[in-house]
Amino acid sequence: MRIYAYGFPRIGKNREYKKSIESFWKKEIASETLKSELEKLDFQRSETYKKYDAKYPIGEMTLYDNMLDAAVMLGLYENSNLDDYYGFCRGVKALEMRKWFNTNYHYLVPEFDKNFSPSSFKSVKKKLLSALKSNPDGVSYLIGPYTFLKLSKGIKKKNLPEYMSALAGVYCELVKDLGDVHIDEPAFVTDVRKSDVLMIKEAYKKITSANKNIFLFSYYESCGFVQELYDLPLKGIGLDFVNGQKNLSAIKKYGFPDDKILIAGIVNGRNVWKTDVLKSVKFLKKLSKYAKNIMISNASPLYHLPVTVKGEESLSDGIFSSLAFAEERLYELKLIADCCSGVVSQEAKTYNTQSLATAENPAIKSRVASLSKDDFIKSVPLELRRKKQQDILNLPLFPTTTIGSFPQTKEVRSKRADFRAGRITKEEYGAFIREKIRGLVEYQLEAGLDVLVHGEYERTDMVEFFAEKLDGIATTKNGWIISYGTRGYRPPIIYGDVSRPAPMSVEEISFAQSISSKPVKGMLTGPVTIISWSFAREDIPISEVAYQIALCLQDEIKDYEKSGIKIVQIDEPAFREKAPIKKKNWPDYFEWAVNSFNLASMSLPETQIHTHMCYSAFGEIIDQINRMDFDKITIEASRSRGDIIKSFEKINFRRQIGIGVWDIHSPKVPSVKEMEKIVKRSLKVIPKENFWINPDCGLKTRDWPETKESLKNLVALALKLRQKFGSVK
Ligand code: GLN
Ligand code: ZN
């Protein structure tokens, strides 16, 4: 049985990817050096594939993002050198970023323009052809036209067939004489309309007329029209059998054609638990009743996993021996392949017999088990809460606030590194953080902000910080994955029952409050985001994991309340992203997602609960958001110029809302006028009494000079609005 592997992480064992690109940006290395560094990484990757006798794609390496590469290949963006290219990734010309399917990878969103250039692909083709020479087992890698168009913007539904057919023409030329070709079409697993299926078939009929050696991949879910692909002269079809259970039903129902290869994705590309090797062998036996030619593969690209578990030996035994990252997935494929072609080795038999070190916590288990409906519904209605809160807070009209973090300067990062390396003591580090908080509180008071934050200086990352404080969640030393471009994060691993051995952030928040005459927000990351940006256990329902985390947050809020905190913000930026790809699975998801938020925020009625959700791309889920029982939400509005407000019109939104008038993803300082425009438009929908003024998101990636300028304008805007609307409090 042959192995097919793809999507191995490009980040490198020691994050060489990040380091070389960022050195190039800082002009520390030349473009030639950068190119050769990335070639080296690419070479290491093919060597890894080869080590496991896999067939594999070539051309997966990107300078930043594969969607941008496809856009450049189609001539949508002029790109004559690396500075041009990186101009589309960062800075004033940067393309918008969106989440890639239901993952935490952000891709750059191309703006499709029908005047794309049909000959720009030639340099890509040349490169692929030359790479093939040194990779006889290589398969040329491409993003498919359907996925590309579905994920681009600027396309009206009615124009899709025309563009699809135009792109099919380009792909024909591109794949001609290219040998074996790997085409990724993850958009096949979304809810694809019947008319789109016909359109896809038309396009691929054309493309396969130029080259019959095409391997077509879908992943992250099941493809709802597998049998339709049988009509096409494809060489292979890659399917996800881990997260796409319905794929098996389709094969059972329709069989699988003898003239094609089924590339069966059987090891998980999205989570880290070892594969049950013997079970996979059994599964393949079953599958081979329906399909004659099978290759085995990872079920989705491996870049959602860190490179290797090697180096993580300091994790407890039970956890370490339960894990498989990208490289270990390839090893598993090899084990499975060996079992299929001969005897079942001892190694295969004992591979995953270790039992997982589940940190059992009967107390939290029974708290979750005894939850009833009332635990999710606040007894004091919104209006009454509003009054109680306003009496205490006494905020002016158009209150101003920020989202939480302030610039994480070099100084902050290097002090943290010192602390972690033991160069400074816990006390010294604590004193440093307190000084930072003190400075920030003083600055915010002076700047005239109404609701203050403590700045999140003690946090590396909004999920990892809480993961380190909670029991039942492990963090890794080097388990980096890319969230976008060169930005990496280390997803924690939720392996057991989650509980809170001690308060997590009360010290910092209450210190900030103790030196402030204005309210300081308690700052928490919500259950959905903690789960979504971690690897979660799969042995209990995900709702239970969420409720365990929610109870920990609820306890934290109680501790905040005891120390005089009046406002708590629970960030849920992953609330939309975690929604299942297929809409029919939405009700189940939103049930636990909304419940877990409401459970976490079960505070005193006097405590004002805020939530924050970075993006505006949630027009579709506005009803679900409205079921979350917060008092105030902050959302992005500057990039969409306030378009998002329309969604709130639909639901007769009665709660408070903070419109993100400053796009913090850019160093540009917003003028009072620009921000006012957004407010004006939003005020048509939201009553002025419910309106807050704040930036889009946290300021940790910004620098101080632009932060100060921008906040000055933001406060000036609020004063102007108060004057205009007759309240100068
Ligand atoms: N409170 C967080 C911050 O300000 C929120 C970040 C986010 O939503 N991504 O950094
Ligand atoms: Zn945000």
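What you see is a predicted model, and the numbers here were worked out from it, not measured in a lab. (Residues numbered from 1 in each chain as written. Chains lettered and ligands numbered in written order. Predicted model: local features only at pLDDT ≥ 70, side-chain atom pairs only at ≥ 80, totals over all residues. Heavy atoms only, no water.)

A. Main features of the overall build of the protein. In terms of regular secondary structure, the protein is built from 27 helices and 21 strands. In summary, the protein has a C-alpha radius of gyration of 26 Å against a globular reference of 27 Å for 729 residues, a match within 12%. By principal-axis analysis of the C-alpha atoms, the protein measures approximately 75 × 60 × 50 Å. Summarising the internal contacts of the protein: among those between residues at least 6 apart in sequence, 78% fall at separations of at least 24. Taken as a whole, the protein presents about 29,600 Å² of accessible surface, with 51% of it coming from carbon and sulfur. Positive and negative charge centroids in the protein, built from 111 and 93 side chains respectively, lie 3 Å apart. (Helix = DSSP H or I, 4+ residues; strand = E, 2+ residues; numbered from the N terminus. Rg over C-alpha atoms; globule rule 2.2 N^0.38 Å. Contact = heavy atoms within 4.5 Å. Areas by Shrake-Rupley, 256 points an atom, 1.4 Å probe, with all protein chains shown as cover. Lys, Arg positive; Asp, Glu negative; His and termini not counted. Charge placed at Lys NZ, Arg CZ, Asp CG, Glu CD.)

B. Highlighting the coordination of the zinc ion (ligand 2). The protein atoms that coordinate the zinc ion (ligand 2) are H612 (NE2), C614 (SG) and C697 (SG), at distances of 2.0 to 2.2 Å. Because the angles between the four donor atoms bound to the zinc ion (ligand 2) fall within 84 to 122°, the donor set is best described as irregular. Counting residues between consecutive donors of the zinc ion (ligand 2) along the chain gives the motif H-x1-C-x82-C. Both residues of the pair, H612 and C614, belong to the buried class. (Donors = N, O, S within 2.8 Å, 3.2 Å for Na, K, Ca; no water. Tetrahedral: all angles 85-135°; square planar, octahedral: opposite > 155°, others 65-115°. Buried < 20%, exposed > 50% of the residue type's maximum accessible area, 1.4 Å probe, protein only.)

C. Spotlight on the pattern of salt bridges. Overall, the coordinates contain 47 salt bridges when judged by the stated rule. Residues joined in a network through salt bridges with shared partners are E360, K365, D497, R537 and D539. (Salt bridge = Lys/Arg side-chain N within 4 Å of Asp/Glu carboxyl O.)

D. Fine view of the packing of helix α22 (residues 542-562) against helix α23 (residues 586-600). Across the interface, α22 lies against α23 with an axial gap of 7 Å and an inter-helix angle of 20°. As judged from the angle between their axes, α22 and α23 are roughly parallel. Crossing handedness for the pair α22 and α23: right-handed. Where α22 approaches α23, its residues I542, S543, A546, Y547, A550, L551, L553, Q554 and I557 are matched on the opposing element by E591, W592, N595, S596, L599 and A600. (Axes fitted to C-alpha atoms, helices over the stretch in contact; angles between N-to-C directions. Parallel < 35°, antiparallel > 145°, perpendicular 65-115°, else oblique. Left-handed = near helix turned anticlockwise from the far one by under 90°.)

E. Inspection of a positive patch on the surface at higher detail. Judged by side-chain charge, K26, K410, R413 and R487 come together as a positively charged surface patch. With respect to the helices and strands, the residue R487 is situated in strand β13 (residues 487-489). A relative accessible area of 35% means that R487 is categorised as partly exposed. (Patch = residues over 30% accessible without salt bridge, like charges linked within 9 Å, V, L, I, M, F, W, Y side chains within 5 Å.)

F. How the structure looks around the site of ligand 1. Ligand 1 sits among I403, G404, S405, E456, M462, M523, D571, P573, H612, C614, C697 and G698. Here I403 contributes a backbone N or O atom positioned 3.1 Å from a nitrogen atom of ligand 1. Contact distances for ligand 1 include 2.8 Å between a nitrogen atom and a side-chain N or O atom of E456. Against a free-state accessible area of 300 Å², the protein chains account for coverage of 93% of ligand 1. (Near = heavy atom within 4 Å. Polar contact = N/O pair within 3.5 Å; in protein donor to acceptor, adjacent residues only side chain to side chain.)

G. Highlighting unusual backbone geometry. We note that D177 has phi near 60°; this positive angle belongs to a residue other than glycine. Tracing the chain through its elements places D177 in the loop between α7 (160-175) and β6 (181-184). At Y220, a position not held by glycine, the phi torsion is positive, near 85°. Relative to the assigned elements, Y220 resides in the loop between β7 (214-217) and α9 (226-229).

H. Local environment of the sheet that holds strand β8 (residues 236-240). Taking strand neighbours around the barrel as the criterion, the eight strands line up as β1-β2-β5-β6-β7-β8-β9-β10 in a closed arrangement whose pairing is parallel. Geometrically, the sheet is characterised by an average inter-axis angle of 30° between neighbouring strands, direction not taken into account. (Pairing = 2+ DSSP bridges.)

I. Highlighting the pairing of strand β12 (residues 481-484). Where β12 lies against β13, three bridges are found, and the strand directions are antiparallel. Each residue of the ladder has a partner; that of Y484, found in β13, is R487. In sequence, β12 turns back onto β13 through a hairpin of two residues, with G485 there showing a positive phi of about 50°.

J. Quick look at empty space enclosed by the protein. In the structure shown here, the tally under the stated rule is three cavities of 30 Å³ or more. Estimates place the volume of the largest cavity at around 200 Å³. At the level of elements, α3 (66-73) and β5 (138-143) are the ones that each hand at least two residues to the lining of the largest cavity. Its residues assigned to classes, the lining of the largest cavity shows 10 nonpolar, two polar and five charged. Approximately 70 Å³ is the volume attributed to the second largest cavity. (1 Å grid on protein atoms, 1.4 Å probe; cavity = no way out; pocket = protein on both sides within 12 Å on 5 of 7 lines; lining within 4 Å. Points joined across faces, edges and corners; volume = space filled by probe spheres on them. Nonpolar A, V, L, I, M, F, W, Y, C, P; charged D, E, K, R; others polar.)

K. Seen up close, the environment of S379. Along the polypeptide, S379 turns up in the loop between α15 (362-369) and α16 (382-393). Residue classification places S379 among the exposed residues on the basis of a relative accessible area of 73%. For S379 and M602, which are 223 residues apart along the polypeptide, the C-alpha to C-alpha distance reads 9.6 Å.

L. Quick look at the sheet that holds strand β16 (residues 535-536). Strand order in the open sheet formed by three strands is β11-β14-β16, with mixed pairing between adjacent strands. The outermost strands of the open sheet, each flanked by one partner alone, are β11 (471-474) and β16. Pairing of strand β14 (residues 493-499) with β16, which is carried by two bridges, proceeds in the parallel orientation. Bridging from a neighbouring strand, I493 pairs with F535 of β16. Each of β14 and β16 touches α22; the most contacted strand, β14, lies at about 55° to it.

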